[in-house]
Amino acid sequence: MKIMHIDTSAKIAEKSNSRMLGQFFIEQLKIQNVDLDIDYLDLTKDVQPHLTSEFVVATYKPENERTPEMKQVLAESDAMCQRVLDADALVCAMPMYNWTIPATFKTFIDTIIRTGVTYDLFPDGTTKGKLIDKKVLFITTRGADLRAGAFQHMDAMTPVLKASFGFLGVDHPQFVDAQPLQFSDQESRLQALARAEEELTSVAKQWASEL
């Protein structure tokens, strides 16, 4: 199984819960004897550029009409899209920053949503995503508990991930959310991480059984 494993936390590895949980999941797959080919991407080091006017214009220009300059503008995006298309599964580990996804993951999304590459646009205006055969797991860490209560309505992370990857053909992404962490007591944090590890172990067994 070829997995694109993506980290986004601004924290260094030994202090990042999302990085730790992402690696925990990979190790659980190994325990299940899954033959892994890992394509690792750290979006804090390999930061994708923000969209520009030149990028947008080049994206919607038919491929056979693009100038050499347009092709150069799209080159990094082309390569990243190919990495995604080549993967059997995406494992995306990320903290919640200010109620939503990290900015680095938003630029990644902007980089890989490409007409004619990761989705098709038809003359009648309908679209069809090309990631329909991919397994996608989002491992998220949240400072507060957004499962219920006062902060439940402030989860802007889950909807944007479902919408973005649903557009690309991923109808049933899986989520493992570790919460509450930073804004809770030590016992609650440990319980949240234990719940997440239990869920990740279950997902690893599921993936292994489906090979």
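Note that the coordinates shown come from a computational prediction; the quantities given were computed from them, not determined experimentally.

### Considerations on the layout of surface pockets
Then step 1. Looking at the largest pocket, its volume works out to about 390 Å³.
Then step 2. Contributing to the lining of the largest pocket are 20 residues, with Lys11, Met96, Arg142, Gly143 and Gln182 lying nearest its centre.
Then step 3. A per-class count over the lining of the largest pocket returns 8 nonpolar, 8 polar and 4 charged.
Then step 4. Taken as a whole, the second largest pocket holds about 270 Å³ of empty space.

### Some thoughts on the packing of aromatic side chains
Then step 1. The tally for this structure, following the rule as stated, stands at 8 aromatic pairs.
Then step 2. Consider the rings of Phe138 and Phe165, whose centres lie 5.2 Å apart with planes at 70°: the pair is edge-to-face. Of this pair, Phe138 sits in strand β6 (residues 135-141) while Phe165 sits in helix α5 (residues 157-167), and the two are 27 residues apart along the sequence. Assigned by exposure class, Phe138 and Phe165 land together as buried.
Then step 3. By way of ring pairs, the aromatic residues Phe105, Phe108, Phe138, Phe165 and Phe175 are connected into one cluster.

### Considering a nonpolar patch on the surface
Then step 1. Nonpolar side chains collect at one region of the surface, where Leu51, Val56 and Tyr60 lie side by side and expose about 300 Å² of accessible area between them.
Then step 2. Here Leu51 lies in the loop between β2 (37-42) and α2 (53-59).

### Focus on a negative patch on the surface
Then step 1. On the surface, Asp35, Asp37, Asp88 and Asp133 cluster together into a patch of negative charge.
Then step 2. Tracing the sequence through the fold places Asp88 in the loop between α3 (68-86) and β3 (89-95).
Then step 3. Judged by relative accessible area, Asp88 falls into the partly exposed class, the value being 40%.

### Details of the environment of Trp207
Then step 1. By secondary structure assignment, the location of Trp207 is in helix α6 (residues 186-209).
Then step 2. Residue classification places Trp207 among the buried residues on the basis of a relative accessible area of 0%.
Then step 3. C-alpha separation for the pair Trp207 and Leu36, spaced 171 residues apart in sequence, amounts to 12 Å.
Then step 4. Setting aside residues no more than four positions away along its own chain, Trp207 makes contact with Met1, Ile3, Phe25, Leu29, Ala89, Leu90, Val91, Lys135, Leu137 and Gln174.

### What to know about α3
Then step 1. With 19 residues, α3 should cover 27 Å at 1.5 Å per step; its first-to-last C-alpha distance of 25 Å lies within 8% of that length.
Then step 2. Remark: the principal bend of α3, roughly 45°, maps to Leu74.
Then step 3. Packing partners of the buried residues in α3 comprise β1 (2-7), β2, α2, β3 and α4 (103-112).

### Details of the nonpolar core
Then step 1. Core analysis: the biggest nonpolar cluster contains 29 residues, and Met4, Phe105, Phe108 and Phe138 have the highest contact counts within it.
Then step 2. Elements supplying a minimum of two residues to this core: β1, α3, β3, α4, β6 and α5.
Then step 3. The element that contributes the greatest number of residues to this core is α4, accounting for 4 residues.
Then step 4. Counting residues in each nonpolar core, the second largest holds 23 residues, with Val34, Ala192, Leu193 and Ala196 among its members.

Quick notes on the rules
Residues numbered from 1 in each chain as written. Predicted model: local features only at pLDDT ≥ 70, side-chain atom pairs only at ≥ 80, totals over all residues. Heavy atoms only, no water. 1 Å grid on protein atoms, 1.4 Å probe; cavity = no way out; pocket = protein on both sides within 12 Å on 5 of 7 lines; lining within 4 Å. Points joined across faces, edges and corners; volume = space filled by probe spheres on them. Nonpolar A, V, L, I, M, F, W, Y, C, P; charged D, E, K, R; others polar. Phe/Tyr/Trp six-rings, centres within 6.5 Å; stacked < 30°, edge-to-face > 60°. Helix = DSSP H or I, 4+ residues; strand = E, 2+ residues; numbered from the N terminus. Buried < 20%, exposed > 50% of the residue type's maximum accessible area, 1.4 Å probe, protein only. Patch = residues over 30% accessible without salt bridge, like charges linked within 9 Å, V, L, I, M, F, W, Y side chains within 5 Å. Areas by Shrake-Rupley, 256 points an atom, 1.4 Å probe, with all protein chains shown as cover. Salt bridge = Lys/Arg side-chain N within 4 Å of Asp/Glu carboxyl O. Lys, Arg positive; Asp, Glu negative; His and termini not counted. Charge placed at Lys NZ, Arg CZ, Asp CG, Glu CD. Contact = heavy atoms within 4.5 Å. Expected span 1.5 Å × (residues − 1). Bend = angle between axes of the 7 residues up to and from the residue. Core = buried A, V, L, I, M, F, W, Y, C linked by side-chain atoms within 4.5 Å.

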